[in-house]
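These are the residues of each chain, in order.
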Number of protein chains: 2
Amino acid sequence: MDEKITLTDCPDCVNFNLRKAMRAVSQHYDKILAPTKLRCTQFTILTILNRIGTVSVTELAEYLVMDRTTLTRNLKPLEKEGYLSIIPDVTDKRSRRIALTNKGKAAQEMAMPYWQQAQSEMVVFMGERNTKQLITCLQQLSTIHQFL
Amino acid sequence: MDEKITLTDCPDCVNFNLRKAMRAVSQHYDKILAPTKLRCTQFTILTILNRIGTVSVTELAEYLVMDRTTLTRNLKPLEKEGYLSIIPDVTDKRSRRIALTNKGKAAQEMAMPYWQQAQSEMVVFMGERNTKQLITCLQQLSTIHQFL
DNA sequence: TCCATCTATGTGTATATACACCATAATAAA
DNA sequence: TTTATTATGGTGTATATACACATAGATGGA
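Residues numbered from 1 in each chain as written. Chains lettered and ligands numbered in written order. Predicted model: local features only at pLDDT ≥ 70, side-chain atom pairs only at ≥ 80, totals over all residues. Heavy atoms only, no water.

Novice: How do you make sense of the layout of surface pockets when you look at a structure like this?
Specialist: The probe, sized like a water molecule, is rolled over the atoms to show the empty space still left. Roughly 1000 Å³ of volume is contained in the largest pocket. Every residue lining the largest pocket is counted, 34 residues in all, and those nearest its centre are A:Arg19, A:Met22, B:Arg19, B:Met22 and B:Thr41. Mapped onto the lining of the largest pocket, the elements with two or more residues apiece are helix 1 (14-33), helix 2 (40-52) and helix 4 (68-80) of chain A together with helix 1 (14-33), helix 2 (40-52) and helix 4 (68-80) of chain B. The element best represented in the lining of the largest pocket is helix 1 of chain A, accounting for seven residues. For the lining of the largest pocket, the per-class residue count stands at eleven nonpolar, 13 polar and ten charged. (1 Å grid on protein atoms, 1.4 Å probe; cavity = no way out; pocket = protein on both sides within 12 Å on 5 of 7 lines; lining within 4 Å. Points joined across faces, edges and corners; volume = space filled by probe spheres on them. Helix = DSSP H or I, 4+ residues; strand = E, 2+ residues; numbered from the N terminus. Nonpolar A, V, L, I, M, F, W, Y, C, P; charged D, E, K, R; others polar.)

Novice: So what exactly am I meant to see when it comes to the protein's contact with DNA strand D here?
Specialist: For DNA strand D, the set of nearby residues contains 28 residues, the closest of which are A:Thr41, B:Gln27, B:Thr58, B:Arg94 and B:Arg96. Across the atoms of DNA strand D situated within 4 Å of the protein, the share located in sugar and phosphate is 59%. Here a phosphate oxygen of DNA strand D and a side-chain polar atom of B:Thr58 are 2.3 Å apart. When residues of the surface near DNA strand D are traced back to their parent elements, those giving at least two are helix 2 and helix 4 of chain A together with helix 1, helix 3 (57-64) and helix 4 of chain B. Of the residues contributing to the surface near DNA strand D, the split by class is three nonpolar, twelve polar and 13 charged. (Near = heavy atom within 4 Å. Polar contact = N/O pair within 3.5 Å; in protein donor to acceptor, adjacent residues only side chain to side chain.)

Novice: Before we go on, may I ask you to explain the interface of chain A and chain B in this structure?
Specialist: Many authors give the size of an interface as the accessible area that is lost as the parts come together. Counting residues at the interface gives 59 residues for chain A and 58 residues for chain B. Between chain A and chain B the total buried area reaches about 6200 Å² when both faces are included, carbon and sulfur atoms providing 70% of it. Our count for the contact surface shared by chain A and chain B stands at zero salt bridges. Put simply, chain A and chain B have 16 residue pairs in polar contact (both at pLDDT 80 or more) between them. Looking at the side of chain A that touches chain B, the elements with two or more residues in it are helix 1, helix 2, helix 3 (57-64), helix 5 (102-126) and helix 6 (128-141) of chain A. Sorting elements by how many residues they give to the side of chain A that touches chain B places helix 1 of chain A first, with 16 residues. Within the side of chain A that touches chain B, the residues separate by chemical class into 32 nonpolar, 16 polar and eleven charged. (Contact = heavy atoms within 4.5 Å. Buried area = accessible area lost by both parts, 1.4 Å probe. Salt bridge = Lys/Arg side-chain N within 4 Å of Asp/Glu carboxyl O.)

Novice: Mind showing me how you'd approach the sheet that holds strand 3 (residues 96-100) of chain B here?
Specialist: Note on sheets: strands pair through backbone hydrogen bonds, and any given pair is parallel or antiparallel. All names here are of chain B. Spatial ordering of the open sheet is given by 1-3-2, a layout of three strands whose pairing is antiparallel. Pairing within the sheet leaves two strands with one partner each, and these edge strands are strand 1 (55-56) and strand 2 (84-88). The sheet contact formed by strand 1 and strand 3 spans two bridges and is antiparallel. Note on strand 3: the bridge partner recorded for Val55 is Ile98. Sitting on the sheet, helix 2 is in contact with strand 1, strand 2 and strand 3, with an inclination near 100 degrees to strand 3. (Pairing = 2+ DSSP bridges. Axes fitted to C-alpha atoms, helices over the stretch in contact; angles between N-to-C directions.)

Below is the structure:
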């Protein structure tokens, strides 16, 4: 009859389990991505830019549910490598538009097979059905700031 | 018939969705924990120590699926606040045993209601059934290094 | 027009994370 | 017992993350 306590018990902390799983999973992707000299977070940014094209810092940060200033710091090493071109917006002088360079596009495409390897191992490990369910759940979690 | 591509598509990257959700969820917990001056990661460590008692750095790091050296850095601010006592092991001179101090125990107990608030809002948002399913899934993810 | 406000971005600071490398102590092999 | 290996832990360096604060440009009302 004390079943209710389960989810208010600390080992059931959503945040704890999420961060712990994140560490395990990111370590997995990073290990496989190592030969590309790209970290998983960097590969993510390059891939998104390759997809959606030019964006402002604020737009991209909102999409990533990431603090603006965090993104600014994350862009630094990619910019230093010449993977990004950051150009001032013509209509709004405050805004800076981020886009992939050819070098960045090439790096993303070079890294793609490594990502696919890491991802497919994940799917095998979890099962395709569980993986889809998990992603749906995670996507809902990512919107929590809109409601709370 | 191209259904198979779904899970190898970048928006379905397990790592990307996991990190994005982690940011959203940790921001939620951190916002509610703010009055306690504890970050969610710090609350986690205090809570675990309150539970399992004295442990070595390596043991705790393994439990957290965290690099040893990361944990070393994470312990620093807690030690500075006097929440932890770190004493050398008697039998093994290399090892250091980490334990909560009374001050640390008090801080954990003071923060507990804030955590419960954050957690219960999470459960309401996700639904109890989904939350349990999610946690089961995350716990499995946390073990991937044992298999891959 | 002028000023108050809002918006886009960056810096300073602190913590979180992991890898490469180093030092020391315990343990096993020769 | 001596040496090689393994285990425990820390530092240096780099990236990831977010908050408080500062700056500059856009916007709207007086």
